[in-house]
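A look at the structure
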Amino acid sequence: MGPRLAEALEGEGRIRAEFRYQLGVEDALAVRDCDVVVFADASRTEEAPASLIPIEPEAALTFTTHALAPAAVLGLCRELYGRTPRAYLLAVRGYDWEVGEGLSEGAERNLAASLALVEEFLSKISE
Amino acid sequence: MGHKITIEPVTRIEGHGKVTVQLDDAGKVTQSRFHVVEFRGFERFVQGRPYWEAPVLVERLCGICPVSHHLAAAKAMDVIVGVRPGGLTPTAEKMRRLMHYGQMFQSHALHFFHLASPDLLFGADADPAIRNVIGVVLKHKDLAVQGVLMRKFGQELIQATAGKKIHGTGAIPGGINKNLTLEERRAFLDAPDPMNAAKMVSWAQAALDFFKDYHAKNRGLIDGFAAFPSNHLSLVRKDGALDFYHGVLRAVDAGGKRVLDDVDYADYLDHIGEEVKSWSYMKFPYLRSLGKENGWYRVGPLARLNTCDFIPSPLAQKEYEVFRKYTKGKPNNMTLHTHWARLIELLHSGEVIQSLLEDDDLSGTDLVAKGKKAKEGVGLIEAPRGTLFHHYRIDGDDRITMANLIVSTTNNNEPMNRAVHWVAKNVLENKPEITEGMLNRVEIAIRAYDPCLSCATHALGAMPLTVELVDAAGRTIEARSR
């Protein structure tokens, strides 16, 4: 889902879209100078089609710091650089989690809907 | 009644692991195991795919060390397209080496600064709330910042050589699909501090000095913790030099005797077997000449410095001489000395990167070699965590029919179990209460191996951590989650 979202938004002039396999400590540096950051990924639990949820920095503990949660990236950014961007989680409902290729039909529909959500969000923050 | 202590998963390693310690009624350790419970099945998934997809498909096993898989698969595919090891163009080989050493640099930096350092800086008994990377930031901000920037430097090298920071496409069967311009090379050499190669070498040296200082003040802990004799295996260059990209197989026993030497890795199946055990999805490799019981071996930084004869870069060679002198030239079997070895490799990687960036061959235009197609290819490489084996067969339609991957962490399966057992016997046994610090010591032993359990079981997804204390009858007495 993430790569497809990043690909779809790549041509959008107002934003920088980057794909990550997983978030790491270096992403604290990547978000440091941003005004607004949206972490987008497939979700097992959020309601379809997608949700845009504000998130706050946390000194979040997970069982590994090889892969950080978005809130932990923000928390690390705050501790290292003294600031954090406004941040949101774009959770796009997914359905099929097995190893394979491509998105499920439902995920494809939700991807399209999430892009509309992003467009609406971009319009609001531009005002 | 006896009880079993389970730690699942182990914090601050990649993937999902579970540790189980069985105690009898008297509190004595009767058994300890390091389980890996996820199963992914990439070896089956790639079957039927065109062979040229292997380097970009298999690297998706992992988001931490994809370059190793990318290059190991590419080396196997080189053989399939008829290009023997050593037959790449100079540009292709050096671009791949730069990619690989960039990965070694960032991986080792990440491990030390963000995974291992909390244990060293705060101690095994510190509050878990600070014994992590956030705690490192709060107390030793300079170290945390350096760790992030060293990782960024390595990631940018990977992006320049592979096309992307993660899951790049640079290495193709028979060569590489891009070179580096002089401007790109100079950018890494001449960028303002700190993002240049010279500064990275300087920081790597400082990290090594930090560890040596820590070791001098904590010798008993670092030398004694989870120390046990083992065989050691790695690739070494034909002349015995440390080489992460290519070499011949060598193994030494705990006393330094060579039990495998100058072996072409294409023949690995003649020398390496894999045992399957019922309680783990991760296999147990062993040296056939020594048998299943005695043939297990360590791989990774400690093993590499035990098997090689010298390091071909001056600063790291100097540190290597100090390292070897510490054990009077004999193999080092002290688990926590893996951190020392890893930092020497970090320094070596920085030196090699600096040297390669000056090499005009990186800007050459001859990128791909060709030869007579074969039906089978083996590619081995020294990944950050140790020797990585990729082996493929294809059919007449160029589709993969067989894939066998022995990843570094799998090679270290038995050593990690031995380390857990050492901690169980020496720290958990006969104690009236199992403390957080004791459980963390089990994890410290495993973390020294920097395991990537996602690779080892080719696992995906989020994995929870639970600790269970189970009595001899199998009833859960206590459970902890992380």
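Sequence order as written defines residue numbering, which begins from 1 separately in each chain. Going through the entries in the order they are written, you letter the chains from A and number the ligands from 1. Two thresholds apply to this predicted model, a pLDDT of at least 70 for residue-level local features and 80 or more for giving and counting side-chain atom pairs, whereas whole-chain, interface and lining totals are computed over all residues.

With respect to the overall build of chain B
- Secondary structure is summarised from DSSP: a helix means a run of H or I of at least four residues, a strand means a run of E of at least two, and numbering begins at the N terminus for each. The secondary structure content of chain B amounts to 18 helices and 16 strands.
- Every one of the 482 residues in chain B was classed for burial, and the buried ones make up 56%.
- In this description, a residue-residue contact is defined by the distance between C-beta atoms placed from the backbone, which must lie within 7 Å. Considering only residue pairs separated by 6 or more positions, chain B has 71% of its internal contacts joining residues 24 or more positions apart. Exposure criterion: with C-beta atoms placed from backbone coordinates, a residue whose C-beta has 20 or more other C-beta atoms within 10 Å is buried, one with 12 or fewer is exposed, and one in between is partly exposed.

Remarks on the overall build of chain A
- A count of helices and strands for chain A gives four helices and three strands.
- Traced from its N-terminal end to its C-terminal end, chain A shows the element sequence α-α-β-β-α-β-α.
- Both definitions apply: the radius of gyration is a C-alpha atom measure, and the globule rule equals 2.2 Å times residues to the power 0.38. The C-alpha atoms of chain A give 15 Å as radius of gyration, which agrees with the globular expectation for 127 residues (14 Å, within 12%).
- Dimensions of chain A, computed from C-alpha atoms along their principal axes, come out at roughly 40 × 40 × 25 Å.

A look at the environment of G256 of chain B
Residues and elements named next belong to chain B.
- Tracing the backbone shows G256 in the loop between β7 (248-252) and β8 (258-263).
- When the 13 C-beta atoms within 10 Å are taken as the criterion, G256 is described as partly exposed.
- Here the alpha-carbon distance between G256 and P331, two residues 75 residues apart in the chain, equals 5.6 Å.
- Residues contacting G256, with those up to four places away along its chain left out, are K330 and P331.

Describing the domain arrangement of chain B
Residue and element names in this part refer to chain B.
- With domains assigned, chain B is organised as domain 1 (3-31 + 412-481) and domain 2 (228-332).
- Each partner contributes residues to the interface: domain 1 has nine residues there, and domain 2 has ten residues.
- Sorting elements by how many residues they give to the side of domain 1 that touches domain 2 places helix α16 (residues 413-428) first, with five residues.
- Grouping the constituent residues of the side of domain 1 that touches domain 2 by class yields four nonpolar, three polar and two charged. Where each domain begins and ends is defined by an automated method or by a domain database. Each residue gets one of three labels, nonpolar for Ala, Val, Leu, Ile, Met, Phe, Trp, Tyr, Cys and Pro, charged for Asp, Glu, Lys and Arg, and polar for the others, Gly among them.

Overview of the packing of α16 of chain B against helix α17 (residues 436-447) of chain B
Residues and elements named next belong to chain B.
- For helices, the fitted line uses only the C-alpha atoms of the stretch in contact; every axis is such a line through C-alpha atoms, and the angle between N-to-C directions lies from 0 to 180 degrees. Viewed as axis vectors pointing N to C, α16 and α17 meet at an angle of 155°, and their least axial separation amounts to 8 Å. Here α16 is positioned roughly antiparallel relative to α17, judged by the angle of their axes. In this structure, α16 meets α17 at a crossing whose hand is right-handed. Together, M416, A419, V420, W422, V423, V427 and L428 of α16 and M438, R441, V442, A445 and I446 of α17 make up the contact between the two elements. If an angle is under 35 degrees, it is roughly parallel; if it is over 145, roughly antiparallel; if it lies from 65 to 115, roughly perpendicular; otherwise it is oblique. Handedness of a crossing is defined here by the sense of rotation of the near helix relative to the far one, left-handed for an anticlockwise turn of less than a right angle and right-handed for a clockwise turn.

What about helix α4 (residues 105-126) of chain A?
Residue and element names in this part refer to chain A.
- For a helix, the expected span equals 1.5 Å multiplied by the number of residues minus one. Its 22 residues place the ends of α4 32 Å apart at the C-alpha level, agreeing with the 32 Å of an ideal helix rising 1.5 Å per residue.
- For α4, the complete set of buried residues consists of A107, N110, L111, S114 and V118. Taken end-on, α4 shows its buried residues confined to a sector of 110°, consistent with a single buried face. For α4, the exposed residues set more than 90 degrees away from the buried face come down to E105, A112, A116, E119, E120 and S123.
- On its buried face, α4 is in contact with α1 (2-9), β1 (36-43), β2 (50-55) and β3 (86-93). When we speak of the arc, we mean the arc of directions from the helix axis to the C-beta atoms.

Observations regarding the sheet that holds strand β13 (residues 386-394) of chain B
Residues and elements named next belong to chain B.
- Strand order in the open sheet formed by three strands is β12-β13-β14, and the pairing between neighbours is antiparallel. Every interior strand has two partners, whereas the edge strands, β12 (376-383) and β14 (400-406), have only one. Strand-to-strand, the axes of this sheet are offset by a mean angle of 10°, without reference to chain direction.
- Pairing between two strands is assigned when DSSP locates at least 2 bridges connecting them. Sheet topology places β13 next to β14; six bridges connect them, and they run antiparallel. Of the residues in β14, the one forming a bridge with H390 is L405.
- Docked against the sheet, helix α3 (residues 66-80) engages β12 and β13, running at close to 150° with respect to β12.

Considering the confidence of the model for chain B
- The predictor rates its confidence in each residue with pLDDT, a number between 0 and 100. Here chain B shows a mean pLDDT of 86. Residues at 70 or above account for 87%.
- Segment residues 454-467 of chain B is flagged for pLDDT under 50; beyond a separation of four residues in sequence, or across chains, it makes 57 contacts in the model.

Observations concerning the confidence of the model for chain A
- Across chain A, the average pLDDT comes to 83, with 91% of residues at or above 70.
- Within chain A, the lowest mean pLDDT, 80, falls on α1 of chain A, and the highest, 92, falls on β3 of chain A.

Some words on the environment of N218 of chain B
- By the secondary structure assignment, N218 of chain B is in the loop between α8 (197-217) and α9 (219-224).
- Put simply, N218 of chain B and A26 of chain B are 192 residues apart on the chain and 32 Å apart in space, counted from C-alpha to C-alpha.

Some thoughts on the nonpolar core
- In this structure, V73 and L90 of chain A together with A54, L343, I344 and I353 of chain B are the most contacted members of the largest nonpolar core, which totals 135 residues.
- Here the element with the most residues in this core is helix α4 (residues 90-122) of chain B; it accounts for 14 residues.
- Other than its neighbours up to four places away in sequence, L343 of chain B contacts F112, A207, L208 and F211 of chain B.
- Residues V19, V21, I222 and L428 of chain B belong to the second largest nonpolar core, which totals 26 residues. By definition, a nonpolar core groups buried Ala, Val, Leu, Ile, Met, Phe, Trp, Tyr and Cys residues that are joined through C-beta atoms within 7 Å.

Things to note about the pairing of β12 of chain B
Residue and element names in this part refer to chain B.
- Among the eight residues in β12, seven count as buried, and that is most of the element.
- Across eight bridges, the pairing between β12 and β13 is antiparallel. Residue pairing in the sheet places E376 in a bridge with R393 of β13.
- Between β12 and β13, which follow one another and run antiparallel, lie two residues.

What to know about the sheet that holds β1 of chain A
Residue and element names in this part refer to chain A.
- Taken in spatial order, the three strands make up an open sheet running β1-β3-β2, and their pairing is mixed. Two strands lie at the open edges of the sheet, namely β1 and β2, each paired on one side alone. Going across the sheet, the axis of each strand differs from the next one's by a mean of 20°, ignoring polarity.
- Where β1 meets β3, eight bridges bridge the pair, whose relative direction is parallel. For S43, the partnering residue across the bridge sits in β3 and is R93.

As for unusual backbone geometry
- In this structure, the amide linkage connecting A48 of chain A to the following residue, P49 of chain A, adopts the cis form with an omega of -5°.
- Structurally, the position occupied by P49 of chain A is in the loop between β1 and β2.
- That bond from D193 of chain B to P194 of chain B is cis: its omega, 5°, falls within 30 degrees of zero.
- Even without being glycine, A226 of chain B reaches a positive phi, approximately 50°.
- Summarising the element assignment, A226 of chain B is placed in the loop between α9 and β6 (231-236).
- The exposure class of A226 of chain B is buried, given the 25 C-beta atoms found within 10 Å.
- A positive phi is found at K328 of chain B, a non-glycine position, where the angle reads about 55°.
- Along the chain, the position of K328 of chain B falls in the loop between α13 (314-326) and α14 (337-357).
- Assessed through the 6 C-beta atoms surrounding it within 10 Å, K328 of chain B is described here as exposed.

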